[in-house]
Amino acid sequence: MQISNRTQKASVATPSSTLASRELPVSSPTSQARNVTGFESASSFAPTSKRTAVALTAQQAAPTPGPLALNSPRAQTAIQKSLDFLQQQTGSLARGVAPGAGISQAVTPRSVERDALGMTHVRLDRTHEGVKVFGEQLVSHLDAQGKVSGLTGNVSTIPAGLGSQPVKLTADDALALARKDFAGRTDRAPTAERVVFQGKDGNYHSAFHVELTHTKGLQGDERPRRMNYLVDANSGEMLTSFNQMGGIELPQARAGGSTAGATPTTPAPVPGKPVTGKADDTSLYSGKVELSTTKNADGTFSLEDASRGKGVVTLDAQNKEQASRPVKITDKNDVWGESTDPTRNRAAVDAHYGAQMTYDFMKDVLGRDSLDGKGEKLVSNVHISNNFVNAYWDGTQMNYGDGDGKTAGPLTTLDIAGHEIAHGLTERTAGLIYEGESGGLNEAMSDIIGSGVEWYASRKNKAVEFDWKVGEDAWTPANGNGDALRYMDDPTKDGYSVDNYKNYPKQTEVHGSSGIANNAFYLLANGGKNRTSGLEVKDGIGMEKGLKVFSRALEHYMTPRTTFAQARQATVQAATDLYGANSAEVKKVQESWTAVGVS
């Protein structure tokens, strides 16, 4: 069930703007063009076996970016300035956020982050009469001088009483209704929370948010489930339901023919020359790589890397349906993937390498210390179930199936690893809800970051080939024709996805609709022509700049129910922050979204 766009086209707003629309648009900081940190399109990756930081193109004094503890003095100051600004507003903003109540009762601080430009972003959950408003947030943006320069988020007016008046159903009643629809066992303790929820009809309801999770007993292409139900707290109507645990979706129609009758195949390790140093570990998909490991007390080595953040760990789920008791993966001489090593260790080499490259990509290109900005530990579980054609982020860690040898080999390629880990990044930042337009954006952000990880690794490892396909190395290994799960340069090539918003009503499933933002990113970074509209974007801005723009939009300018139109606004604002309002980069962002039918 999709969330429809009920608002008018957003426009840029500043603190002095008159706010009349129901949606508070993306902010417009008053600062001029700023220098961007990190790799630029002309930068190169140092060919070294050590993770030496690459020099910044433009050196500038900047505060240390990252999340601030909510109780820290700096965060408290930013929160108070944001609340003061909201309290001072009049008109539709005041009516929507806090009708007849103080602003401190209308929002709850969720996070405060400071970025490399010196800006501070305060993310606030909306509440109504003491009850959380599901999926609605405000983000306050403070400039480098500490002044509120704009706001992002929903400010629709909520009728009085929806949070305070008694309801007919209990949390247990709502849970029973959700269980009936779920029709299966759960792996985690179910939750049921009283909320206020805006339905697809635009009306607000007193509701319960129920979450039920299932990851056991998965077979073949069956998907893991972390189902979210919004149940009307008076009538018991199921207002909406969606699965927040997506996995790698299997498209319903494909280009490239059938795999029927193909012999089960596990790909042979890709030959590759070490770029430098100690790249002596052999992967399935990325040639010779260098893995950071830990030496154990018994003299063996395990896939535990303590050099990146709080750690990167890869474990063996022992072909269980759920990685409830994974075990260490060990090697006698710390040379992984040798012909004499256990065959099952090969997929682990790729998963570990993929997680390490994703961590490095986030740190070096996006300027972020892992998923939470504080070095969050990255845990990967390989060998989930048997013949399992899927990979998924379960809210805390990655899980990879071995494939069935026909439809897919082990789903541990670089872009799949980056894709799944990126779901964790989205969850830690914008929290894009996994249905409707926000769900399509959620999937697209994972594809975009997955492609970024592959691009980043290709600059350091000659055996890695960067392209605009998703999962091509693992997909249909017996075919040998290079087909893929999705194609960012031409999403329609898979026979399932759409590449233009005009066709969105025909394809609202989140993997299929991800093609809209995927192609917008491709056009921005690379240049090219949208197949449906025929509109061309000449001379893209390059992968590095494109990735910085989209990731900044995700981290600071998107909220759980962001639409494609609002994503355009978010990326325009991110490009404005980084390169200036009149920059060529901003113009290319606008052209790219226009080409895919998003205005």
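Residues numbered from 1 in each chain as written. Predicted model: local features only at pLDDT ≥ 70, side-chain atom pairs only at ≥ 80, totals over all residues. Heavy atoms only, no water.

Novice: Would you take a moment to explain the pairing of strand S21 (residues 398-401) for this structure?
Specialist: Note on strand geometry: in a regular strand, side chains alternate between the two faces of the sheet. Because side chains alternate across S21, one face comprises the buried residues Met-398 and Tyr-400, and the other comprises Asn-399 and Gly-401, equally buried. For strand S19 (residues 378-384) and S21, the ladder comprises 3 bridges, and the chain directions are parallel. Its bridge partner being in S21, Ile-384 is matched across the sheet by Gly-401. Sheet topology note: the strand S20 (residues 391-393)/S21 ladder contains 3 bridges and is antiparallel. (Buried < 20%, exposed > 50% of the residue type's maximum accessible area, 1.4 Å probe, protein only. Helix = DSSP H or I, 4+ residues; strand = E, 2+ residues; numbered from the N terminus. Pairing = 2+ DSSP bridges.)

Novice: Explain unusual backbone geometry to me, please; I cannot follow it from the model alone.
Specialist: Most peptide bonds adopt trans geometry, and most residues besides glycine take a negative phi value. Positive phi is not limited to glycine here, since Ala-183 has a value of about 55°. Note on placement: Ala-183 falls in the loop between helix H3 (171-182) and strand S7 (191-198). The backbone of Asn-387 sits at a positive phi, close to 50°, despite the residue not being glycine. Looking at where Asn-387 falls in the secondary structure, it is placed in the loop between S19 and S20. Looking at Asn-387, the relative accessible area reads 48%, which means it is partly exposed.

Novice: Is there a simple way to explain the layout of surface pockets in this structure?
Specialist: Vacant regions in the atomic arrangement are exposed by a probe of water-molecule size rolled over the atoms. Approximately 650 Å³ is the volume attributed to the second largest pocket. As for the second largest pocket, its lining consists of 34 residues, of which Arg-110, Lys-132, Gln-244, Glu-427 and Gly-431 are closest to the centre. Counting only elements with at least two residues in the lining of the second largest pocket, the list comes to strand S3 (107-114), strand S4 (120-128), strand S5 (131-142), strand S8 (204-214), strand S9 (225-232) and helix H5 (414-428). With 6 residues, S5 is the single largest residue contributor to the lining of the second largest pocket. Its residues assigned to classes, the lining of the second largest pocket comprises 10 nonpolar, 13 polar and 11 charged. (1 Å grid on protein atoms, 1.4 Å probe; cavity = no way out; pocket = protein on both sides within 12 Å on 5 of 7 lines; lining within 4 Å. Points joined across faces, edges and corners; volume = space filled by probe spheres on them. Nonpolar A, V, L, I, M, F, W, Y, C, P; charged D, E, K, R; others polar.)

Novice: Is there a simple way to explain the pattern of salt bridges in this structure?
Specialist: Two side chains with opposite charge may pair up if their charged atoms get near one another. With the rule as written, the count across this model stands at 19 salt bridges. Here Asp-360 and Arg-308 are joined by a salt bridge, their closest N and O atoms 2.9 Å apart. Taken together, the residues span a long stretch of sequence, with Asp-360 in helix H4 (residues 345-364) and Arg-308 in the loop between strand S15 (304-305) and strand S16 (312-316) at a distance of 52 residues. For Arg-531, the salt bridge identified is with Asp-490, shortest N-O distance 3.0 Å. Note that Arg-531 is positioned in the loop between strand S24 (528-529) and strand S25 (536-537) and Asp-490 in the loop between strand S23 (486-487) and helix H7 (510-526), a separation of 41 residues in sequence. (Salt bridge = Lys/Arg side-chain N within 4 Å of Asp/Glu carboxyl O.)

Novice: What is the right way to read the packing of H4 against H5 from this model?
Specialist: In a pair of packed helices, the angle between the axes and the distance between the axes together describe the arrangement. At a closest axis distance of 9 Å, the pairing of H4 and H5 adopts a crossing angle of 60°. For the element pair H4 / H5, the angle class is oblique. Crossing of H4 over H5 shows right-handed handedness. The residues of H5 that touch H4, namely those facing Tyr-353, Gly-354, Ala-355, Met-357, Thr-358 and Met-362, are Leu-414, Ala-417, Gly-418 and Ile-421. Counted by class, the contact of H4 with H5 contains 7 nonpolar, 3 polar and no charged residues. (Axes fitted to C-alpha atoms, helices over the stretch in contact; angles between N-to-C directions. Parallel < 35°, antiparallel > 145°, perpendicular 65-115°, else oblique. Left-handed = near helix turned anticlockwise from the far one by under 90°. Contact = heavy atoms within 4.5 Å.)

Novice: What should I look at first to understand the nonpolar core in this one?
Specialist: Note on soluble globular proteins: their nonpolar side chains tend to be buried together. Ranked by internal contacts, the top residues of the largest apolar core, which has 92 residues, are Phe-361, Phe-521 and Trp-593. If one sorts the elements of this core by residue count, H4 sits on top with 10 residues. Both domain 3 (270-414) and domain 4 (429-598) contribute no fewer than three residues apiece to this core. Leave out the neighbours within four places in its chain, and Phe-361 touches Leu-366, Ile-449, Gly-452, Val-453, Tyr-456 and Leu-547. Membership of the second largest hydrophobic core comes to 17 residues, among which are Leu-83, Val-107, Val-122 and Leu-151. (Core = buried A, V, L, I, M, F, W, Y, C linked by side-chain atoms within 4.5 Å. Domains from an automatic or database assignment.)

Novice: I'm lost on the packing of aromatic side chains in this one. Help?
Specialist: We describe a pair of aromatic rings using the distance from one ring centre to the other and the angle between the two ring planes. Summed over the entire model, instances satisfying the criterion amount to 12 aromatic pairs. Residues Tyr-501 and Phe-564 carry aromatic rings whose centres are separated by 5.8 Å and whose planes lie at 70° to one another, so their mutual orientation is edge-to-face. Of this pair, Tyr-501 sits in the loop between S23 and H7 while Phe-564 sits in helix H9 (residues 564-579); the two residues are 63 residues apart in sequence, bridging distant segments of the chain. According to the relative accessible area criterion, Phe-564 is buried, its value standing at 0%. Aromatic side chains Phe-550 and Trp-593 sit 6.1 Å apart centroid to centroid with 20° between the ring planes, which places their arrangement in the stacked category. Of this pair, Phe-550 sits in helix H8 (residues 543-557) while Trp-593 sits in helix H10 (residues 584-595); the two residues are 43 residues apart in sequence, bridging distant segments of the chain. A single burial state applies to Phe-550 and to Trp-593, both of which are buried. Of the aromatic side chains, those joined through ring pairs into one cluster are Phe-466, Trp-468, Phe-521, Tyr-522, Phe-550 and Trp-593. (Phe/Tyr/Trp six-rings, centres within 6.5 Å; stacked < 30°, edge-to-face > 60°.)

Novice: Please clarify how the sheet that holds strand S18 (residues 330-331) should be interpreted in this entry.
Specialist: Sheets are built from strands that pair by backbone hydrogen bonding, the pairs being arranged parallel or antiparallel. Pairing is antiparallel across the open sheet formed by 3 strands, whose spatial order is S13-S14-S18. In this open sheet, the two strands that pair with only one neighbour each are strand S13 (294-295) and S18. Bridge count between S13 and strand S14 (residues 301-302): 2 bridges; the pairing is antiparallel. Residue Lys-295 lies in a different strand from S14, and its bridge partner there is Phe-301.

Novice: Is there a simple way to explain the environment of Arg-368 in this structure?
Specialist: Here Arg-368 lies in the loop between H4 and S19. With a relative accessible area of 4%, Arg-368 lands in the buried category. Separated by 301 residues in the primary sequence, Arg-368 and Pro-67 have C-alpha atoms spaced 9.8 Å apart. Beyond its immediate stretch of four places on either side in the chain, Arg-368 contacts Glu-113, Met-362, Lys-363, Gly-373, Leu-425, Thr-429 and Glu-555. Reaching out from Arg-368, the side chain makes a polar contact with the side chain of Glu-555 at a distance of 3.2 Å. (Polar contact = N/O pair within 3.5 Å; in protein donor to acceptor, adjacent residues only side chain to side chain.)

Novice: Mind showing me how you'd approach the side chain of Arg-561 here?
Specialist: Tracing the chain through its elements places Arg-561 in the loop between H8 and H9. Here the side chain of Arg-561 touches Gln-198 through a polar contact of 3.0 Å, landing on its backbone oxygen.

Novice: How should H5 be read in this particular structure?
Specialist: Since the α-helix turns once every 3.6 residues, residues separated by three or four places project in the same direction. In a regular helix each residue adds 1.5 Å, so 15 residues correspond to 21 Å; H5 covers 21 Å between its end C-alpha atoms and thus fits that length. The element H5 is extensively covered by neighbouring structure, given that 13 of its 15 residues are classed as buried. (Expected span 1.5 Å × (residues − 1).)

Novice: Just checking my understanding: could you explain H9 for this structure?
Specialist: Between the first and last C-alpha of H9 there are 22 Å, a value that for 16 residues agrees with the 22 Å anticipated at 1.5 Å per step. Of all the 16 residues making up H9, 15 are buried; the element is thus mostly covered by neighbouring parts of the structure. With its phi angle positive at about 105°, Gly-580 sits one or two positions after the end of H9.

That is the geometry; function is a separate question.
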